[in-house]
Amino acid sequence: MYSKIIGTGGYLPNKILTNKDLESIVDTTDDWIVERTGIKQRHISEPSETTSSMATKASIEAIKNAKINNSDIDLIIVATTTPDMVFPSTACIVQNNLNIKAPAFDVQAACTGFIYAMSIADNFIKTGSCKNILIIGAEKYSNLLDWSDRSTCVLFGDGAGALILSANSEEGIISTHIHADGQYNNLLDVKDDHIRMKGNEVFKVAVNTLSKLVDETLEKNNMKKNDIDWLVPHQANLRIIKAAAKKLSMSLDQVVVTVDDHANTSAASIPLAFDQAVRDGRIKNDQVVLLEAFGSGFTWGSVLLRY
Ligand code: COA
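Residues numbered from 1 in each chain as written. Predicted model: local features only at pLDDT ≥ 70, side-chain atom pairs only at ≥ 80, totals over all residues. Heavy atoms only, no water.

### Thoughts on the domain arrangement of the protein chain
Under the domain assignment, the protein chain is made up of domain 1 (2-168) and domain 2 (173-306). Averaged C-alpha coordinates put domain 1 and domain 2 at centres separated by 16 Å. Domain 1 puts 52 residues into the contact, and the matching count from domain 2 is 47 residues. In total, about 3700 Å² of surface goes out of reach between domain 1 and domain 2, with carbon and sulfur atoms giving 62% of it. Across the domain 1-domain 2 interface, the total number found is 26 residue pairs in polar contact (both at pLDDT 80 or more). For the side of domain 1 that touches domain 2, the secondary structure elements donating two or more residues are β1 (2-11), α2 (30-37), β3 (41-43), α5 (113-126), β6 (132-140) and β7 (158-168). Top element by residues in the side of domain 1 that touches domain 2 is β1. It accounts for 8 residues. (Domains from an automatic or database assignment. Contact = heavy atoms within 4.5 Å. Buried area = accessible area lost by both parts, 1.4 Å probe. Polar contact = N/O pair within 3.5 Å; in protein donor to acceptor, adjacent residues only side chain to side chain. Helix = DSSP H or I, 4+ residues; strand = E, 2+ residues; numbered from the N terminus.)

Rendered as structure tokens:
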């Protein structure tokens, strides 16, 4: 039995904060942000919007696109680092919003959270425990930002992406790979409710680690670089994304890039990018897609799948 994606959905808040807008908040420039990160703007939620409300909107779309009913879902997993509250989990709030009677829990692996959630869901399907799993990545990072720290506040945004993973006899997820190394925990963390990051040190480890992850994923499946049709990377920085594409000898035309429009939405970035590329017809049935992410912890991981 395979796990196959049968529907995707995404939600981005309407309010847009451009780099130009940020110039009046901190000592930065549009040119600096674009050159160092590729980010042009980010979406920022209203005070009334929560991680669970954004997650719910993305889920409704994913369920509709999967052409199933809420009652068909037998597990909900939310990847987030910005839950509405410590408990109940965001997944339980979404479960109630959608009136689904199924187990629900959150996963916290920072920007790698969605990859961890997919890996967990794939195993629930392979063991026969579940048939249709709602997996969501949702974040309200605007709450975690120190709006006087130019080295972090320009990098992140809010949003939610969701997909339905379903038991299927056709090949879907080919392999999942998840990793963690806690020795780097002080390079990227949240202290006193704000993100602190040693950006250039994180950058170097991220590029090296993602390069090894690509090798690991291809070797495990006896696949070659040109077997992959699409790369859907975590959207932290366009320079990191370009390094991963180069490692795969891929042109940027085969890479789904949303960092310019969304900035880094942490656990939401991969499902949002995936949903966008499915909806606009870039990712097509039967194509091979590599998802990869790196984040605080450090955590990192990949999912190789046939769509
Ligand atoms: N606007 C203008 N200047 C800024 C700035 C901003 N928003 N933020 C930092 N700077 C300045 C710094 O103060 C520094 O100035 P100095 O040379 O006078 O000390 C200079 O720009 C260079 O800073 P540095 O941190 O070395 O820049 P960088 O090229 O490494 O780019 C990041 C910074 C954060 C964009 C980059 O390191 C990065 O993307 N890192 C990884 C991010 C990531 O992947 N995060 C998590 C994974 S989820």
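### What about the sheet that holds strand β13 (residues 299-306)?
Strand order in the open sheet formed by 4 strands is β8-β13-β12-β11, and the pairing between neighbours is mixed. In this open sheet, the two edge strands, each paired with only one partner strand, are β8 (173-180) and β11 (230-233). When strand polarity is set aside, the average angle formed by the axes of neighbouring strands in this sheet is 10°. Both β11 and strand β12 (residues 288-295) contribute to a ladder of 4 bridges, which runs parallel. By the bridge assignment for β12, Leu-231 is matched with Leu-290. Sitting on the sheet, α5 touches β8, β12 and β13, and the angle it makes with β8 is about 125°. (Pairing = 2+ DSSP bridges. Axes fitted to C-alpha atoms, helices over the stretch in contact; angles between N-to-C directions.)

### Describing the packing of helix α3 (residues 51-66) against helix α4 (residues 90-97)
Here α3 crosses α4 at 50°, and the two axes come no closer than 9 Å. In terms of axis orientation, α3 runs oblique to α4. The element α3 and its partner α4 pack so that their crossing is right-handed. Across the interface between the two elements, Thr-51, Ser-52, Ala-55, Thr-56 and Ser-59 of α3 pack against Thr-90, Ile-93, Val-94 and Asn-97 of α4. When the residues that make up the contact of α3 with α4 are grouped by side-chain class, the tally is 3 nonpolar, 6 polar and no charged. (Parallel < 35°, antiparallel > 145°, perpendicular 65-115°, else oblique. Left-handed = near helix turned anticlockwise from the far one by under 90°. Nonpolar A, V, L, I, M, F, W, Y, C, P; charged D, E, K, R; others polar.)

### Notes on the environment of Phe-105
Of note, Phe-105 is situated in strand β5 (residues 104-107). Between the alpha carbons of Phe-105 and Glu-23 there is a distance of 39 Å; along the sequence they are 82 residues apart. Ignoring anything within four residues of it in the chain, the contact list for Phe-105 reads Leu-75, Ile-76, Ile-77, Val-78, Ser-89, Ala-91, Ile-120 and Phe-124.

### Let's talk about the layout of surface pockets
Empty space within the largest pocket amounts to approximately 790 Å³. For the largest pocket, the lining is made up of 37 residues, of which Leu-155, Phe-156, Met-197, Gly-199 and Val-202 are closest to its centre. Contributions of two or more residues to the lining of the largest pocket are made by α2, β9 (188-191), β10 (194-197), α7 (199-220), α8 (238-247) and β12. By residue number, the principal contributor to the lining of the largest pocket is α7, which donates 7 residues. In terms of domain composition, the lining of the largest pocket takes at least three residues from each of domain 1 (2-168) and domain 2 (173-306). (1 Å grid on protein atoms, 1.4 Å probe; cavity = no way out; pocket = protein on both sides within 12 Å on 5 of 7 lines; lining within 4 Å. Points joined across faces, edges and corners; volume = space filled by probe spheres on them.)

### Focus on the pattern of salt bridges
Scanning the model with the defined rule gives 11 salt bridges in all. Taking the shortest distance from any N to any O, the salt bridge between Arg-150 and Asp-27 comes out at 3.6 Å. Placement of the pair is Arg-150 in helix α6 (residues 150-153) and Asp-27 in the loop between α1 (19-23) and α2, with a sequence separation of 123 residues. We classify Asp-27 as exposed; its relative accessible area is 62%. Here Lys-191 ties to Asp-189 by a salt bridge, and the two come within 2.8 Å at their closest N and O atoms. With relative accessibility at 16%, the residue Asp-189 sits in the buried group. Here the salt bridges share partners, and the residues they tie into one network are Asp-146, Asp-149 and Arg-196. (Salt bridge = Lys/Arg side-chain N within 4 Å of Asp/Glu carboxyl O. Buried < 20%, exposed > 50% of the residue type's maximum accessible area, 1.4 Å probe, protein only.)

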